[in-house]
Amino acid sequence: MKNPAIPGLDIPVRTIYCIGRNFAEHARELNNKIPVSPIVFLKPLSTICYDNTLITLPALSKNVHYEAELIVAISKSGKNIPQFSAFDYVAGYGIGIDFTARDIQQKAKEKGQPWSIAKGFDQFAPISNFLKSKEVESPADLDIKLFVNGFIKQHANTSEMIFSVDYLISYLSTIFTLHTGDLIFTGTPSGVGKVEKGDQLEAMLENGIRTLTVKID
């Protein structure tokens, strides 16, 4: 079976890297310490879905949260990438939602266990159509918004990130060899909250240059 495609870039998704607690206010709202180095976790390919998907909540969780995020798609392979050349490895940018089973995550955190189950259910990483990198003047100055049933719940700018896009690319490449089609979910702003059956969510990048709408079943 083929890997899911990255809409707008015509390349398949490879590895899904995610960054936790990359906005200070989000760390504070969940009573977490602000990190001094990036918190990295992975999502399986089965989490990927697209605009207008009907997302089924998992029976194992009673508290699934939305987390809107800027996503970076990698254009070519690289290892130990210097920060000053990190943008040479970007294919494009999109908006996505990192769904999280917060109750499962909290139990894992209390036991010192990984977050894989809380982050890894099917359809837990919907992604928008992507902009090519040349269409984005500065990924360090992009608005991120998320609406639930028409009401704004999250709103921040990527300038508020603790770790910038170029830093994250460079940092990740010191650990993993990055490849074409890798996605980096760069972290969510404050304002996360529980989703309910029947909710409609709209994530928006830079006032609508890219949008992603999903419904909750």
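For the structure given in this document, a descriptive report is provided here.

Rules behind the numbers
- Residues numbered from 1 in each chain as written.
- Predicted model: local features only at pLDDT ≥ 70, side-chain atom pairs only at ≥ 80, totals over all residues.
- Heavy atoms only, no water.
- Helix = DSSP H or I, 4+ residues; strand = E, 2+ residues; numbered from the N terminus.
- Buried < 20%, exposed > 50% of the residue type's maximum accessible area, 1.4 Å probe, protein only.
- Lys, Arg positive; Asp, Glu negative; His and termini not counted.
- Salt bridge = Lys/Arg side-chain N within 4 Å of Asp/Glu carboxyl O.
- Polar contact = N/O pair within 3.5 Å; in protein donor to acceptor, adjacent residues only side chain to side chain.
- Contact = heavy atoms within 4.5 Å.
- Pairing = 2+ DSSP bridges.

Note that D143 resides in strand β13 (residues 143-148). With no salt bridge to any partner, buried D143 finds its closest opposite charge in K145, at an N-O distance of 4.8 Å. In terms of polar contacts, D143 uses its side chain to reach the side chain of H155, at 3.2 Å. Within the local environment of D143, its side chain forms a polar contact with the side chain of N157, the two groups lying 3.0 Å apart. Look past the residues within four positions of D143 in its chain and what remains in contact with it is H155, A156, N157, M204, L205, E206 and N207.

Attention shifts here to the pairing of β13. Of all the six residues making up β13, six are buried; the element is thus mostly covered by neighbouring parts of the structure. Here β13 shows two buried faces, one formed by D143, K145 and F147 and the other by I144, L146 and V148. Between β13 and strand β14 (residues 151-157), which pair antiparallel one after the other, the connecting turn spans two residues, and N149 there sits at a positive phi close to 50°.

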